[in-house]
Amino acid sequence: MTNAPIIGVLALQGDVREHLRALSAAGAEVRAVRRAGELDAVHGLVIPGGESTTMWKLADAFEMLDPLKARIKEGMPAYGSCAGMIMLADRIEDGIAGQQTIGGIDMVVRRNAFGRQVDSFESDIDFAGGGILRAVFIRAPWVETLGGDVEVLGRTRPGDRIVAVRQGPLLATSFHPELTGDGRVHAYFVEMVRRDGRER
Ligand code: GLN
């Protein structure tokens, strides 16, 4: 792989453009991904925030669920934000009837977990031990339980809810770093994809 990894953003639904911009700023070559052929061409994938129930239905309709599961199984680096975190969870709570995910991270994620009290809020997160960042949450999920191979990268303060995790090449955050202009989470993911390319 050259210095600029090719990173796709799953563009079925959600805030695709903001992620494309943040990934470009972090040094990636970016592509919108809607079809299996486009998925084949990327080294890593971002699954944006939006609405996980709609994203799942569209992924099913576009016949993308199986190709996505296959790439994740092969070890493609992926980063899911908010609805994208739900899509990367092996199990979910408070999903709609029959709601499926792509899976990959051994965790239970609760949809709209903060949303019963508040629709959106901000919190300072110590992300991956790399310093405090201001995180924006919009009808956000949280990680309810996690398996032994999942590393916690961030918690809300106060509240101590798990809102950023990593399992090998898979990264997920409950919050939306693409909306704040703070490039650290995207830079972290671009580095994950670069490293994965060097190891292959
Ligand atoms: N509540 C949404 C869902 O269940 C996620 C919200 C978001 O991505 N901002 O998919």
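Residues numbered from 1 in each chain as written. Predicted model: local features only at pLDDT ≥ 70, side-chain atom pairs only at ≥ 80, totals over all residues. Heavy atoms only, no water.

## Brief notes about the overall build of the protein chain
Scanning the protein chain from N- to C-terminus turns up six helices and 12 strands. Seen through its principal axes, the protein chain has C-alpha atoms that stretch 45 × 40 × 30 Å. A burial count over the protein chain gives 50% of its 200 residues as buried. Nonlocal contacts in the protein chain, meaning residues at least 24 apart in sequence, comprise 63% of its contacts between residues at least 6 apart. (Helix = DSSP H or I, 4+ residues; strand = E, 2+ residues; numbered from the N terminus. Buried < 20%, exposed > 50% of the residue type's maximum accessible area, 1.4 Å probe, protein only. Contact = heavy atoms within 4.5 Å.)

## With respect to the site of the ligand
Taken together, the neighbourhood of the ligand is formed by Gly49, Gly50, Glu51, Ser52, Cys82, Ala83, Ile86, Arg111, Asn112, Ile138, Arg139 and His176. In the model, an oxygen atom of the ligand is placed 2.9 Å from a nitrogen or oxygen of the Gly50 main chain. Interatomic distance of 2.7 Å between a side-chain N/O atom of Arg111 and an oxygen atom of the ligand. (Near = heavy atom within 4 Å. Polar contact = N/O pair within 3.5 Å; in protein donor to acceptor, adjacent residues only side chain to side chain.)

## Remarks on the pairing of strand E3 (residues 44-47)
Side chains Gly44 and Val46 project from E3 onto one buried face, and the interleaved Leu45 and Ile47 project onto a second face that is buried too. With three bridges joining them, strand E1 (residues 6-10) and E3 adopt parallel strand pairing. Residue pairing in the sheet places Ile7 in a bridge with Gly44 of E3. Here three bridges tie E3 to strand E4 (residues 78-81), and the two strands are oriented parallel to one another. Of the residues in E4, the one forming a bridge with Ile47 is Gly80. (Pairing = 2+ DSSP bridges.)

## Notes on the nonpolar core
Within the largest apolar cluster, 34 residues are counted, with the highest numbers of intra-cluster contacts made by Leu10, Leu39, Leu45, Ile47, Ile105, Met107 and Val165. Ranked by residues supplied to this core, first place goes to helix H5 (residues 83-88) with five residues. One finds Ala28, Val46, Val163 and Ala164 within the second-largest nonpolar core, a separate group that totals 29 residues. (Core = buried A, V, L, I, M, F, W, Y, C linked by side-chain atoms within 4.5 Å.)

## Re the side chain of His186
Mapping His186 onto the fold places it in helix H6 (residues 184-199). With sequence-adjacent residues up to four places away left out, His186 is seen in contact with His19, Ala22, Leu23, Ala26, Tyr79, Pro177 and Glu178.

## A word on the packing of helix H1 (residues 16-25) against H6
Viewed as axis vectors pointing N to C, H1 and H6 meet at an angle of 70°, and their least axial separation amounts to 9 Å. Between H1 and H6, the interaxial angle falls into the category roughly perpendicular. Considering how the two elements wind past one another, H1 and H6 form a crossing that is right-handed. Side by side, H1 and H6 meet where His19, Ala22 and Leu23 of the first sit next to His186, Phe189 and Val190 of the second. Residue composition of the contact of H1 with H6, by class: four nonpolar, two polar and no charged. (Axes fitted to C-alpha atoms, helices over the stretch in contact; angles between N-to-C directions. Parallel < 35°, antiparallel > 145°, perpendicular 65-115°, else oblique. Left-handed = near helix turned anticlockwise from the far one by under 90°. Nonpolar A, V, L, I, M, F, W, Y, C, P; charged D, E, K, R; others polar.)

## Here we look at unusual backbone geometry
Across the junction of Arg157 and Pro158, the peptide omega takes the value 0°, indicating a cis bond. Along the chain, the position of Pro158 falls in the loop between strand E10 (151-155) and strand E11 (162-167). Located in the positive-phi region is Glu63, a residue other than glycine, with phi close to 55°. Relative to the helices and strands, Glu63 is located in the loop between helix H3 (52-61) and helix H4 (65-74). Here Glu63 falls in the exposed class, since its relative accessible area comes to 65%.

## Considerations on the environment of Gln100
The topology assignment puts Gln100 in the loop between strand E5 (89-93) and strand E6 (105-110). Gln100 sits 10 residues away from Asp90 along the chain, and the two C-alpha atoms are 9.2 Å apart.

## Some points on the pairing of strand E7 (residues 120-126)
By the bridge criterion, seven bridges tie E7 to strand E8 (residues 132-138) in an arrangement that is antiparallel. Within E8, the position partnered with Asp126 by the bridge is Ile132. The antiparallel pairing of E7 with E8 creates a hairpin that spans five residues between the two strands, and Ala128 there sits at a positive phi of about 50°.

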